[in-house]
There are 2 protein chains.
Amino acid sequence: MTLHARTALLPEGWARDVRLVLAGGRIERVTAGTPPQPGDHRAGSVIPGLPNLHSHAFQRGFSGLTEQRGPGPDSFWTWREMMYRFALNLTPEAMQAIAALAYVEMLEAGFTRVGEFHYLHHRPDGSRYDDPAEMSCRIFAAAEETGISLTHLPVFYAHGGFGPKPAGEGQRRFLDDIDGFARLVEACDGMARGQDRVGLAPHSLRAATMEQITALAQAFPGRPLHLHIAEQVQEVEDCLAFCDQRPVAYLLDRAPVGPEWCLIHATHLTPAEVQGIADRGAVVGLCPITEANLGDGIFPAEPFLAAGGRFGFGTDSNVQITAAGEARMLEYSQRLHRRARNLCADTGSTGARLVLGAARGGAQALGAPAPQIAAGAPADLVALHDPMGLDMADDHVLDRWVFGRDLTVADVWAMGRHVVRDGRHIARDGIVQAAAKACRALI
Amino acid sequence: MTLHARTALLPEGWARDVRLVLAGGRIERVTAGTPPQPGDHRAGSVIPGLPNLHSHAFQRGFSGLTEQRGPGPDSFWTWREMMYRFALNLTPEAMQAIAALAYVEMLEAGFTRVGEFHYLHHRPDGSRYDDPAEMSCRIFAAAEETGISLTHLPVFYAHGGFGPKPAGEGQRRFLDDIDGFARLVEACDGMARGQDRVGLAPHSLRAATMEQITALAQAFPGRPLHLHIAEQVQEVEDCLAFCDQRPVAYLLDRAPVGPEWCLIHATHLTPAEVQGIADRGAVVGLCPITEANLGDGIFPAEPFLAAGGRFGFGTDSNVQITAAGEARMLEYSQRLHRRARNLCADTGSTGARLVLGAARGGAQALGAPAPQIAAGAPADLVALHDPMGLDMADDHVLDRWVFGRDLTVADVWAMGRHVVRDGRHIARDGIVQAAAKACRALI
C-alpha cells in the first residue's frame, strides 16, 4: 500500500509531502516533496512506530482496581500482594485475552513492538502445564492476533529475596531452575515470527543470585537481557544489608553488563551508578506512569542524560497505556522535583528528546532495528492527526503530542498492516469482548 | 428527557438502576432500583458534573508550544514571557473561538462549570475597547455557545510586583483601577445567565496591594474571590523581602479570608499556613497538571487534607483538559515525593476522595450549588462508559476513571442539555474549525 504524509520525520529531519510505499512488511520507497497520488492513504504527521520495552500484559486486567487504602500505610509491597492474588487465578485463555487487549491499546498508543517481561509460567498450583511454554504461547498468540512485534522476555525467578531467601507461596507460578528455563527459551524461539525476538529476564537481584544471572548471560549471549533493579528504597536497603553494596553498583561490579542489558526502573542511583550505567552502554527501562503509581520515586534524569545514558519507556503495569503519557510523566516528575521547565532537553524540543531518545534506546533494549522511516526499514509507522491543522514540519509536532491537547494517534501500520484506523484497532471490538469476559471472571 | 443509569452516585451512596427525569434545566425526579422505560437514554455510571475552578481559556491556544528549551535554564518566568506574546495578539474573535474550544473540551472531560479567571481586558495597545467589557462578553458568549455554566472572575491587575512595582509593557492589556474594575463587574452581572455567577479576582499579591484586595473584598461582599498565591518559590522570596512574611501568612493576617475565598495554587506552605487556610474554610485551587508543567512544586496534600482543608481542581493553562487527569496528577505528585501509595485517601478510595472532595470544594469556590444527583439540583450530569462491563456500584468506578484505562466520559448533560454524546460535544466540529483558524493566525 501507499501513504502520503503532510509531514514526516525522516532520518535527516522533518520533511513535507512524503510518499511512502510499503511492501512485504517493509518500507520500500520514501519520496519527500511529492504530491499525493490517487489511492494513497492521506496522513498527517508520520513518525516511526515506538518500542514499549517493559510490559506485564496480564496486569492490564486490574487497571484502576488497586487505588484504595486499607487500614495501614499503602506501598509497592501491599500493591504486590494484590497483584499476586490476581496472577494466581489467571488461566491461559485469560492471559491471551487480556494480553491481546493490552496490545491493541499499545498499538492505538503508537507502540509497534512490546517487550513482554513474562513471569507467569505455571499452573495455579505451581506445577508445569503439559506444554511448559503454554503461557508464553498465549503471549505469542496475542501478538499475532493484534499485529504487534514481540520481544518475548521469559523470566527466570528462583528466590524470594536476597540471601537467597526461599520463594513465597504467592510466587509459585513463576519459579524455575536454569535447565527448565533454558527449555522455555528454546520453545519460545520456535514460536517467534521473523520480526520477533526472544530475550531473557532474570527477574531481579531478589529473585536470582548473581551466579544465576551471570550464568544465564553466558548461556544466552547476545540476547536482550532485562532485569528489575533499584525500583524501591527497601530493595536498596536489603541489598546493602546483604552485600554492603547498592544494587546497581553490585551488578555493575560483578556482571558483564553491556549494550544488550536493560535495567528496568533503576530509580535509586548514586552519581557513580549513573555514570557506570552510561559507560556500559546499557539501557535504563523507565516506566514513569507505573513508577508514579507505585510510589517508586523520581529517576535522576538530568544527570543520567548529561552522562550520555540511554533510556527507553515501558508501560509496565499497564494501569494506563500511552506512549506520549510516559514521556510526559518523566518530564513532569523532574519539573515537580526541580521546580524548573524543560529539564530533559539540553536545548530545543523536550518532546523530541524524549520520544526519539526512547525510540532508539527501546529498540536497542529489545534487540530490534532502530525505528526510522527509511527504505528497507520495517513498516512500523504512526500517523498523528492534528485537528488544528497547524501543519508543522518540526519538533513542535512531538512537543504537542507529548504535552499538549491536540495531536492523537490516527493510524498505525505494524509490519505494513494498517492495524489502527481513525484511532481504533481493527480487531478492537472482539478483543475487548473477550478480555471483558476474562476480567469479569477474575474480579 | 429521561435517562436510565446502570449505576449512579446519589447523595446517600452508589445505587443501581437509577432513572432520572430532567426538566427545565434541573433534575425533577430520581428513582433508584427501577428498570429502564422505552425512550430512556441508557447510561453506564452517572456522577454529578464537576466544577473546573480555574481556567485561562485563551492559553488553550498554545497548548504544547512552550516545551522547548532556549539557551539558558527554563522556568515559569520564561514561560510567562511566551504567554504574554500570545496574549498581546489575541483579538476578541480569537478569544471567543479559543474559549469555546476549551469549554467544549471541558464538557467532554466531565466539567459542567468553569471558573474563568479573566485578565485580558483591553486592546493590544492597552486602551479600552469601545465596550470595556468586550473581552468578558466573548467569554460569556463561549459559555453560551457550548452550554457550560460560568463563574466569571474578572481580574483586577494594577502592578508588576511587590512594593508595588509598576506594571510592565507585557501587562498593558490587563490593567485597571478600582473604578474601572467595578464597572466591569457590573457589566458582567448584566451578561450572566441564571446559572452563571460573577466573582472577582485580584490577580495576586504581585499585581494588587493588600489595600486594594481588602477594598475589593469589602466592595463586593459574598462573591467568589480568587487570587493566585505562593505558586513559585521566587514569589515567596519576593514577598518575604517585601514584608518579612510569606504570601499566605501575610494574606491570612490582613485580609478577611473566608469560605468564599479561593487561593489558587498555594503550593508553598508552612504547617501554620496549611492550618490557617483550613481554619478559615477557604478553598485551595489546585491545578496539578499546570503546576507540573510549570515546575511550580509539590503541594503538601497530606497535611492539608489531614487539617480538613478544602480543595478543588482547575485546568489553568489548559495545556491538557482532563478532570480525571488533574486528580491523578495530584496523587502521583504525592506518591513520587513520599514513595508510598494512596496518600490522598484516609482509608478507602483515593479516586472518590479526590473527585468528590474537588466537586464540593470547586462548587464552594465558584459560588455554585454542591454537585449532586438529587431532585431539584441542576441537571449537570456525567455518564461514564465501561467497555469491560464490570458493572460496579461502588467507588471503584471513580478509581478506575482517575487511575485506570477503561472508563471514559460518554455523555454529559449541562443544565439538562445533552451536549456531549458518545464522547463528542454536539458543536465540536464547527468550534474546532473556528478555533483552528484563530490559532493559525496567532502562531
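Residues numbered from 1 in each chain as written. Chains lettered and ligands numbered in written order. Predicted model: local features only at pLDDT ≥ 70, side-chain atom pairs only at ≥ 80, totals over all residues. Heavy atoms only, no water.

Q: What exactly am I supposed to notice about the overall build of chain A here?
A: When helices and strands are tallied, chain A shows 14 helices and 19 strands. Relative to the compact-globule value of 22 Å for 443 residues, chain A shows a C-alpha radius of gyration of 21 Å, a close match. Here the C-alpha coordinates of chain A stretch approximately 65 × 50 × 45 Å along the principal axes. The buried share of chain A, reckoned over its 443 residues, is 65%. At a minimum sequence separation of 6, the contacts of chain A that also span at least 24 residues come to 73%. Accessible surface computed for chain A: about 14600 Å², of which carbon and sulfur atoms make up 50%. Chain A carries 41 positive and 51 negative side-chain charges, and their two centres are separated by 3 Å. (Helix = DSSP H or I, 4+ residues; strand = E, 2+ residues; numbered from the N terminus. Rg over C-alpha atoms; globule rule 2.2 N^0.38 Å. Buried < 20%, exposed > 50% of the residue type's maximum accessible area, 1.4 Å probe, protein only. Contact = heavy atoms within 4.5 Å. Areas by Shrake-Rupley, 256 points an atom, 1.4 Å probe, with all protein chains shown as cover. Lys, Arg positive; Asp, Glu negative; His and termini not counted. Charge placed at Lys NZ, Arg CZ, Asp CG, Glu CD.)

Q: How do you make sense of the sheet that holds strand β16 (residues 381-385) of chain A when you look at a structure like this?
A: Strands belonging to one sheet form pairs held by backbone hydrogen bonds; the direction of such a pair is parallel or antiparallel. If you trace the eight strands from one edge of the open sheet to the other, you get β3-β2-β1-β4-β16-β17-β18-β19 (chain A), paired in mixed fashion. Of all the strands in the sheet, just β3 (26-31) and β19 (424-425) of chain A have a single pairing partner and so form its edges. (Pairing = 2+ DSSP bridges.)

Q: What is the right way to look at the packing of aromatic side chains in this model?
A: Think of a pair of aromatic rings as described by two things: how far the centres are apart, and how the planes are tilted against each other in angle. Within this structure, the stated rule accounts for 30 aromatic pairs over all chains. Summarising the aromatic geometry, the rings of B:Phe156 and B:Phe181 are spaced 5.8 Å apart at their centres and angled 80° between planes, so their arrangement reads as edge-to-face. Of the two residues, B:Phe156 sits in strand β8 (residues 149-156) while B:Phe181 sits in helix α4 (residues 178-191), which places them 25 residues apart along the sequence. The residues B:Phe156 and B:Phe181 share a single accessibility class, namely buried. Aromatic pair B:Phe242 and B:Tyr250: ring centres 6.0 Å apart, planes at 90°, arrangement edge-to-face. The class for B:Tyr250 is buried, based on a relative accessible area of 7%. One aromatic cluster in this structure is built from A:Phe58, A:Tyr84, A:Tyr119, A:Tyr157 and A:Phe174. The ring of B:Phe403 has B:Arg335 sitting right over it, with the charged end atom 5.1 Å from the ring centre. (Phe/Tyr/Trp six-rings, centres within 6.5 Å; stacked < 30°, edge-to-face > 60°. Lys NZ or Arg CZ within 6 Å of the ring centre and 35° of its normal.)

Q: It is not clear to me how the relation of the copies chain B and chain A should be interpreted in this structure. Could you clarify?
A: Each of the two chain copies can be brought onto the other by rotation about an axis and movement along it. At an RMSD of 0.0 Å, chain B and chain A line up after a rotation of 180° and a shift of 0.0 Å along the axis. Accordingly, the operation relating the two chain copies is best matched by a two-fold axis. When the interface residues of chain B are mapped onto chain A, 100% of them again lie at the interface, so the same face is used by both copies. (Least-squares fit on C-alpha atoms with pLDDT ≥ 70 in both.)

Q: What am I meant to see in the nonpolar core here?
A: Grouped together as the largest cluster of nonpolar side chains are 280 residues, with contacts concentrated most on A:Tyr103, A:Trp261, A:Trp401, B:Tyr103, B:Trp261 and B:Trp401. Those residues in contact with B:Tyr103 that lie beyond four places of it in its chain are B:Ser55, B:Ala57, B:Val114, B:Glu116, B:Ile139, B:Ala142, B:Ala143, B:Thr146, B:Ile148 and B:Leu150. (Core = buried A, V, L, I, M, F, W, Y, C linked by side-chain atoms within 4.5 Å.)

Q: Please clarify how the sheet that holds strand β13 (residues 283-286) of chain B should be interpreted in this entry.
A: Residues and elements named next belong to chain B. With respect to topology, four strands assemble into an open sheet ordered β11-β12-β13-β14, the strand pairing being parallel. Each edge of the sheet is formed by a strand with only one pairing partner; in this case those strands are β11 (225-229) and β14 (310-313). For this sheet the average axis-to-axis angle between neighbouring strands, irrespective of direction, equals 30°. Judged from the four bridges that link them, β13 and β14 form a sheet pairing that is parallel. Considered in β14, the bridge of valine 284 is made with phenylalanine 311. Across the sheet, helix α7 (residues 247-254) is in contact with β11 and β12 (261-265); its angle to β11 comes to roughly 150°. (Axes fitted to C-alpha atoms, helices over the stretch in contact; angles between N-to-C directions.)

Q: I tried to follow the domain arrangement of chain A on my own but got confused; where do I start?
A: All names here are of chain A. Each assigned domain of chain A is listed with its residue range as follows: domain 1 (2-48 + 372-429) and domain 2 (50-365). The C-alpha centroid of domain 2 is placed 29 Å from the C-alpha centroid of domain 1. Contacts between the two partners involve 22 residues from domain 1, matched on the other side by 26 residues from domain 2. Summing both sides of the interface, domain 1 and domain 2 together bury roughly 2000 Å²; the carbon and sulfur share of this comes to 65%. There are one salt bridge connecting domain 1 and domain 2. As a salt-bridge pair, glutamate 108 and arginine 428 come within 2.8 Å of each other at their nearest N and O atoms. Mapped onto the side of domain 1 that touches domain 2, the elements with two or more residues apiece are α13 (396-403), β17 (408-414), β18 (417-421) and β19. No other element matches α13, which puts five residues into the side of domain 1 that touches domain 2. Here the residues of the side of domain 1 that touches domain 2 sort into 14 nonpolar, two polar and six charged. (Domains from an automatic or database assignment. Buried area = accessible area lost by both parts, 1.4 Å probe. Salt bridge = Lys/Arg side-chain N within 4 Å of Asp/Glu carboxyl O. Nonpolar A, V, L, I, M, F, W, Y, C, P; charged D, E, K, R; others polar.)

Q: It is not clear to me how unusual backbone geometry should be interpreted in this structure. Could you clarify?
A: Peptide bonds are trans in most cases, and residues, glycine excluded, mostly fall at negative phi. The step from A:Gly163 to A:Pro164 runs through a cis peptide bond, and the omega angle for that step is 0°. Phi at B:Arg339 is positive, roughly 55°, even though this residue is not glycine. Within the element layout of this structure, B:Arg339 appears in the loop between α11 (323-338) and β15 (348-349). Positive phi is not limited to glycine here, since B:Met415 has a value of about 50°. Relative to the helices and strands, B:Met415 is located in the loop between β17 (408-414) and β18 (417-421). Its relative accessible area of 21% is what places B:Met415 among the partly exposed residues.

Q: What is the right way to read the interface of chain B and chain A from this model?
A: One frequent convention defines the size of an interface as the accessible area lost when the parts assemble. The partner chain A presents 67 residues to the 67 residues of chain B that form the contact. For the pair chain B and chain A, the two sides together bury roughly 5500 Å², of which 53% comes from carbon and sulfur. Contact with chain A buries surface across chain B, with B:Leu336, B:Arg341 and B:Arg405 losing the most and accounting together for 16% of the total. Remark: the boundary between chain B and chain A carries 10 salt bridges. Notably, a salt bridge pairs A:Glu67 with B:Arg341, separated by 3.2 Å at the nearest N-O pair. Joining chain B to chain A, the criterion identifies 41 residue pairs in polar contact (both at pLDDT 80 or more). (Polar contact = N/O pair within 3.5 Å; in protein donor to acceptor, adjacent residues only side chain to side chain.)

Q: I tried to follow the side chain of A:Arg173 on my own but got confused; where do I start?
A: Residues and elements named next belong to chain A. Locating arginine 173 in the fold gives a position in the loop between β8 (149-156) and α4 (178-191). Put simply, arginine 173 is tucked away with no salt bridge, and the nearest opposite charge, on aspartate 125, sits 7.5 Å away. From its side chain, arginine 173 meets the backbone oxygen of alanine 87 in a polar contact 2.7 Å long. A polar side-chain atom of arginine 173 sits 3.0 Å from a polar atom in the side chain of tyrosine 129. Setting aside residues up to four positions removed in sequence, arginine 173 forms contacts with Ala87, Leu88, Asn89, Leu90, Tyr119, Leu120, His121, His122, Arg123, Pro124, Tyr129 and Met135.

Q: Could you clarify how one ought to interpret helix α14 (residues 428-442) of chain B in this entry?
A: Two residues of an α-helix separated by three or four positions point the same way, owing to the 3.6 residues in each turn. Residue and element names in this part refer to chain B. Here α14 is 15 residues long and its end C-alpha atoms lie 21 Å apart, about the 21 Å a rise of 1.5 Å per residue gives. Inspection of α14 places Arg428, Ile431, Val432, Ala435, Ala436, Ala438, Cys439 and Leu442 among the buried residues, and these make up the whole buried set. Across the axial projection of α14, the buried residues extend over an arc of 170°, all falling on one side. Exposed side chains of α14 directed beyond 90 degrees from the buried face belong to Asp429, Gln433, Lys437 and Ala441. Next to the buried residues of α14 lie α1 (76-88), α2 (92-109), α3 (134-146) and β19 (424-425). (Expected span 1.5 Å × (residues − 1). Arc of directions from axis to C-beta.)

Q: What is the right way to read the pairing of strand β7 (residues 111-118) of chain B from this model?
A: Looking down a regular strand, the side chains alternate between one sheet face and the other. Residue and element names in this part refer to chain B. Counting buried residues along β7, eight of its eight residues qualify, which places the element largely inside the surrounding structure. One ladder, built from four bridges, connects strand β5 (residues 50-55) with β7; its direction is parallel. Bridge pairing in β7 links proline 51 to arginine 113. Direction of pairing for β7 relative to β8: parallel, over a ladder of six bridges. Note that in β8 the partner of histidine 118 across the bridge is proline 154. Regarding the hand of the β-α-β motif, the stretch spanning β7, α3 and β8 is right-handed. (Right-handed = clockwise from strand over helix to strand, strands pointing away.)

Q: Any chance you could explain the environment of A:Met392 here in plain terms?
A: On the secondary structure map, A:Met392 appears in the loop between β16 and α13. C-alpha separation for the pair A:Met392 and A:Ser45, spaced 347 residues apart in sequence, amounts to 8.3 Å. Excluding residues within four positions of it along the chain, A:Met392 makes contact with A:Thr7, A:Arg16, A:Ser45, A:Val397, A:Arg400, B:Leu65 and B:Ile443.

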